[in-house]
Amino acid sequence: MATKLEKEKYRKIAELGCSLCRHQGNEGTPAELHHIRRAGVRSKSPVIPLCPFHHRGTNTSIHSGRKWFESHYGITEEELLEQTEKLIE
Ligand SMILES: [Zn+2]
Ligand SMILES: [Zn+2]
(Lines give C-alpha, C1' and ligand atoms only; values in the text may rest on other atoms or scores of the structure.)
(Ligands and ions follow the chains in the order given, each with its own letter.)
Protein backbone atom coordinates (compact mmCIF):
# COMPACT_ATOMS: atom_id res chain seq x y z
CA MET A 1 0.00 0.00 0.00
CA ALA A 2 1.40 3.37 -1.03
CA THR A 3 1.77 6.02 1.63
CA LYS A 4 0.14 9.44 1.32
CA LEU A 5 3.49 10.91 0.36
CA GLU A 6 4.03 8.31 -2.36
CA LYS A 7 0.54 8.92 -3.74
CA GLU A 8 1.27 12.63 -3.90
CA LYS A 9 4.49 11.91 -5.78
CA TYR A 10 2.73 9.51 -8.19
CA ARG A 11 0.10 12.17 -8.90
CA LYS A 12 2.80 14.71 -9.72
CA ILE A 13 4.59 12.22 -11.97
CA ALA A 14 1.40 11.36 -13.87
CA GLU A 15 0.65 15.05 -14.32
CA LEU A 16 3.96 15.58 -16.12
CA GLY A 17 2.58 13.65 -19.07
CA CYS A 18 4.38 10.93 -21.02
CA SER A 19 8.14 11.14 -20.50
CA LEU A 20 8.93 9.67 -23.92
CA CYS A 21 6.53 12.01 -25.75
CA ARG A 22 8.24 14.84 -23.86
CA HIS A 23 11.62 13.52 -25.02
CA GLN A 24 10.25 13.64 -28.58
CA GLY A 25 9.12 17.24 -28.13
CA ASN A 26 5.45 16.70 -27.29
CA GLU A 27 4.74 17.79 -23.75
CA GLY A 28 1.70 16.89 -21.72
CA THR A 29 0.47 13.65 -23.32
CA PRO A 30 -1.84 12.06 -20.71
CA ALA A 31 0.15 9.34 -19.00
CA GLU A 32 -0.16 6.32 -16.79
CA LEU A 33 2.53 5.11 -14.41
CA HIS A 34 5.09 2.49 -15.41
CA HIS A 35 6.98 0.73 -12.63
CA ILE A 36 10.63 0.17 -13.36
CA ARG A 37 11.52 -3.38 -12.47
CA ARG A 38 14.34 -3.74 -10.04
CA ALA A 39 15.20 -6.32 -7.44
CA GLY A 40 13.12 -5.93 -4.31
CA VAL A 41 9.62 -4.85 -3.41
CA ARG A 42 7.47 -3.70 -6.33
CA SER A 43 5.77 -0.94 -4.35
CA LYS A 44 9.20 0.59 -3.78
CA SER A 45 10.12 0.51 -7.46
CA PRO A 46 10.48 3.87 -9.16
CA VAL A 47 7.86 4.95 -11.68
CA ILE A 48 7.89 6.95 -14.90
CA PRO A 49 4.93 8.44 -16.76
CA LEU A 50 4.16 6.88 -20.16
CA CYS A 51 1.13 7.31 -22.43
CA PRO A 52 -0.84 4.12 -23.25
CA PHE A 53 0.84 3.98 -26.69
CA HIS A 54 4.35 4.09 -25.21
CA HIS A 55 3.43 2.10 -22.11
CA ARG A 56 1.55 -0.97 -23.40
CA GLY A 57 0.98 -0.58 -27.14
CA THR A 58 1.86 -3.53 -29.38
CA ASN A 59 5.35 -3.01 -30.79
CA THR A 60 5.43 0.63 -29.66
CA SER A 61 5.91 0.41 -25.93
CA ILE A 62 8.13 -0.40 -23.00
CA HIS A 63 6.13 -3.61 -22.52
CA SER A 64 7.00 -4.66 -26.07
CA GLY A 65 10.45 -5.21 -24.57
CA ARG A 66 12.76 -2.87 -22.72
CA LYS A 67 15.79 -3.53 -24.95
CA TRP A 68 13.75 -2.95 -28.09
CA PHE A 69 12.24 0.22 -26.61
CA GLU A 70 15.62 1.63 -25.64
CA SER A 71 17.27 1.01 -29.01
CA HIS A 72 14.21 2.10 -31.00
CA TYR A 73 13.67 5.39 -29.18
CA GLY A 74 17.32 6.05 -28.36
CA ILE A 75 16.76 6.61 -24.66
CA THR A 76 16.85 4.26 -21.70
CA GLU A 77 14.28 3.69 -18.99
CA GLU A 78 16.78 4.94 -16.43
CA GLU A 79 17.35 8.17 -18.41
CA LEU A 80 13.59 8.77 -18.53
CA LEU A 81 13.51 8.20 -14.78
CA GLU A 82 16.32 10.69 -14.25
CA GLN A 83 14.48 13.34 -16.27
CA THR A 84 11.24 12.62 -14.44
CA GLU A 85 12.88 12.92 -11.02
CA LYS A 86 14.41 16.26 -12.00
CA LEU A 87 11.05 17.63 -13.12
CA ILE A 88 9.28 16.90 -9.84
CA GLU A 89 12.03 18.15 -7.53
ZN1 LIG B 1 4.13 8.80 -25.13
ZN1 LIG C 1 4.48 -0.70 -17.13
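It should be emphasised that the depicted structure is a prediction, and the values quoted were computed from it without experimental measurement.

Draft legend 1. The coordination of the zinc ion (ligand 2), seen in detail. Taken together, His34 (ND1), His55 (NE2) and His63 (NE2) make up the full set of protein donors to the zinc ion (ligand 2), lying 2.0 to 2.1 Å away. Written as a sequence motif, the donor residues of the zinc ion (ligand 2) are H-x20-H-x7-H. One end of the pair, His34, is in strand E1 (residues 32–35); the other, His63, is in the loop between helix H3 (52–56) and helix H4 (66–73), and 29 residues separate them in sequence.

Draft legend 2. Inspection of the coordination of the zinc ion (ligand 1) at higher detail. Listed as protein donors to the zinc ion (ligand 1) are Cys18 (SG), Cys21 (SG), Cys51 (SG) and His54 (ND1); their distances from the metal cover 2.0 to 2.3 Å. Considering all 4 donor atoms around the zinc ion (ligand 1), the spread of angles at the metal, 102 to 114°, places the coordination shape in the tetrahedral class.

Draft legend 3. Inspection of the pattern of salt bridges at higher detail. This structure, assessed with the given rule, holds 8 salt bridges. With its nearest N and O atoms 2.8 Å apart, the salt bridge here joins Arg11 to Glu8. Here the residue Arg11 and the residue Glu8 both occupy positions in helix H1 (residues 4–15), the gap between them amounting to 3 residues, near one helical turn. Among the residues examined, Arg11 registers a relative accessible area of 39% and is labelled partly exposed. With relative accessibility at 36%, the residue Glu8 sits in the partly exposed group. Because the salt bridges share partners, they merge into one network encompassing Glu8, Arg11 and Glu15.

Draft legend 4. The arrangement of the side chain of His55 in detail. Mapping His55 onto the fold places it in helix H3. Here His63 takes part through its side chain, which lies 3.2 Å from a polar atom of the side chain of His55.

Draft legend 5. Examining H4 more closely. By the burial criterion, the buried members of H4 are Phe69, Glu70 and Tyr73. Burial along H4 is one-sided: seen end-on, the buried residues are contained in an arc of 95°. Those residues of H4 that are exposed and angled more than 90 degrees off the buried face are Lys67 and Ser71. Looking at the packing, one finds that the buried side of H4 touches helix H2 (19–23), strand E2 (47–50), H3 and helix H5 (77–87). A positive backbone phi angle near 70° is found at Gly74, which sits one or two residues after H4.

Cut-off values and rules
- Per chain, the residues get numbers from 1 upward, laid out in the order the sequence is written.
- Throughout, the order in which chains and ligands are written sets their labels, letters from A for the former and numbers from 1 for the latter.
- Given that this is a predicted model, residues contribute local features only at a pLDDT of at least 70 and side-chain atom pairs are listed and counted only at 80 or more, while totals for whole chains, interfaces and linings are drawn from all residues.
- Computation of side-chain values: all heavy atoms of the structure, hydrogens and water removed.
- Excluding water, the donors of a metal are its N, O and S neighbours within 2.8 Å, or within 3.2 Å for Na, K and Ca, and that exclusion means sites may look incomplete.
- By definition, any uninterrupted DSSP run of H or I lasting at least four residues is a helix, any uninterrupted run of E lasting at least two residues is a strand, and each is numbered from the N terminus.
- Between 85 and 135 degrees for all angles marks four donors as tetrahedral; over 155 degrees for opposite donors together with 65 to 115 for all other angles marks four donors as square planar and six as octahedral; every other arrangement is irregular.
- A pairing counts as a salt bridge when a side-chain nitrogen of Lys or Arg comes within 4 Å of a carboxyl oxygen of Asp or Glu.
- Only protein chains enter the calculation, and the probe is 1.4 Å; a residue is then buried if its accessible area is under 20% of its type maximum, exposed if over 50%, and partly exposed in between.
- A 3.5 Å cut-off defines polar contacts: any pair of N or O atoms within that distance qualifies, except that in protein one atom must be a possible hydrogen donor and the other a possible acceptor, and neighbouring residues in sequence count only when both atoms are side-chain atoms.
- Directions from the helix axis toward the C-beta atoms define the arc.
- Note on definitions: a residue-residue contact is assigned when non-hydrogen atoms from the two residues lie within 4.5 Å.

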